[in-house]
Amino acid sequence: MRRLMKNPAYKKKVELKKKRMKSTPELMVRAQKQARDMVRKKFYPKYDEMGREGKAKVNQMVSLKHGPKIAKIARRLLPKVKIQSRELVKRARELATEK
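The model shown is predicted, which means the values in this text are computed figures rather than measured ones.

As a further point, take the packing of aromatic side chains. Applying the stated criterion to the full structure yields zero aromatic pairs. The lysine or arginine in question, Arg40, covers the ring of Tyr47, its NZ or CZ lying 4.4 Å from the ring centre.

The following block contains the structure:
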């Protein structure tokens, strides 16, 4: 991966991808991740202090127990995630025009 990051063609590809708006499924994945983090923070406040095995167990329990709740929260978060994504794209395009 380190070698790939040095490749100028790859750098250009990443730069162009930052300027492009993400598709709805990609944004939904981001919303689901935020929703999962919210649920995890609510039910397992000491998640950050856990070891790797504990985190894996908690992740599994959260996805099993709270899967429908996470999907519902993600649907509600989607408009906010779209706005955030729009802002990121806008900032990337502004930075590109300044160069």
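After that view, the rundown keeps rolling.
Quick look at the confidence of the model for the protein chain now. One rule of thumb: low pLDDT means the predicted coordinates there are not for detailed reading. When pLDDT is averaged along the protein chain, the result is 94, and 99% of the positions lie at 70 or above. Across the protein chain, element-level confidence peaks in helix α3 (residues 24-43) with a mean pLDDT of 96 and bottoms out in helix α1 (residues 2-6) with 86.

Turning next to the pattern of salt bridges. All told, the structure shown has three salt bridges when counted by the stated rule. With its nearest N and O atoms 4.0 Å apart, the salt bridge here joins Glu15 to Lys19. Remark: Lys19 and Glu15 occur in helix α2 (residues 8-19); sequence separation between them is four residues, near one turn of the helix. Using a relative accessible area of 32% as the deciding quantity, one classes Glu15 as partly exposed. By relative accessible area, Lys19 is classed as partly exposed at 24%. Between Glu26 and Lys17 there is a salt bridge, with its nearest N and O atoms 4.0 Å apart. Of the residues examined, Glu26 reaches a relative accessible area of 36% and is grouped as partly exposed.

In this section: the packing of α3 against helix α5 (residues 67-98). Between α3 and α5, the least distance of the axes is 7 Å, while the angle of their chain directions is 120 degrees. One finds that α3 runs oblique with respect to α5. Considering the relative orientation of α3 and α5, their crossing is right-handed. Residue-level contacts link Thr24, Leu27, Met28, Arg30, Ala31, Gln32, Gln34, Ala35, Arg36, Met38, Val39 and Phe43 of α3 to Lys69, Ile70, Ile73, Ala74, Arg75, Leu77, Leu78, Val81, Lys82, Gln84, Ser85 and Leu88 of α5. Within the contact of α3 with α5, the residues separate by chemical class into 14 nonpolar, five polar and five charged.

Now for a nonpolar patch on the surface. A cluster of nonpolar side chains, namely Met1, Leu4 and Met5, defines an oily patch on the protein surface of about 320 Å² accessible area. Mapped onto the secondary structure, Leu4 falls in helix α1.

With respect to the helices and strands, the residue His66 is situated in the loop between α4 (52-65) and α5. Each residue touching His66, except ones within four places of it in the same chain, is listed here: Val39, Phe43 and Met61.

In this structure, Arg40 sits in helix α3. By relative accessible area, which is 12% here, Arg40 ends up buried. Polar contacts involving the side chain of Arg40 include one to the side chain of Asp37, which spans 3.1 Å. Within the structure, the side chain of Arg40 is placed 3.2 Å from the side chain of Asn59, a separation counted as a polar contact. Residue contacts for Arg40: discarding those within four places in its chain leaves Pro45, Tyr47, Val58 and Asn59.

Conventions and cut-offs
- Residues numbered from 1 in each chain as written.
- Predicted model: local features only at pLDDT ≥ 70, side-chain atom pairs only at ≥ 80, totals over all residues.
- Heavy atoms only, no water.
- Phe/Tyr/Trp six-rings, centres within 6.5 Å; stacked < 30°, edge-to-face > 60°.
- Lys NZ or Arg CZ within 6 Å of the ring centre and 35° of its normal.
- pLDDT = per-residue confidence, 0-100.
- Helix = DSSP H or I, 4+ residues; strand = E, 2+ residues; numbered from the N terminus.
- Salt bridge = Lys/Arg side-chain N within 4 Å of Asp/Glu carboxyl O.
- Buried < 20%, exposed > 50% of the residue type's maximum accessible area, 1.4 Å probe, protein only.
- Axes fitted to C-alpha atoms, helices over the stretch in contact; angles between N-to-C directions.
- Parallel < 35°, antiparallel > 145°, perpendicular 65-115°, else oblique.
- Left-handed = near helix turned anticlockwise from the far one by under 90°.
- Contact = heavy atoms within 4.5 Å.
- Nonpolar A, V, L, I, M, F, W, Y, C, P; charged D, E, K, R; others polar.
- Patch = residues over 30% accessible without salt bridge, like charges linked within 9 Å, V, L, I, M, F, W, Y side chains within 5 Å.
- Areas by Shrake-Rupley, 256 points an atom, 1.4 Å probe, with all protein chains shown as cover.
- Polar contact = N/O pair within 3.5 Å; in protein donor to acceptor, adjacent residues only side chain to side chain.

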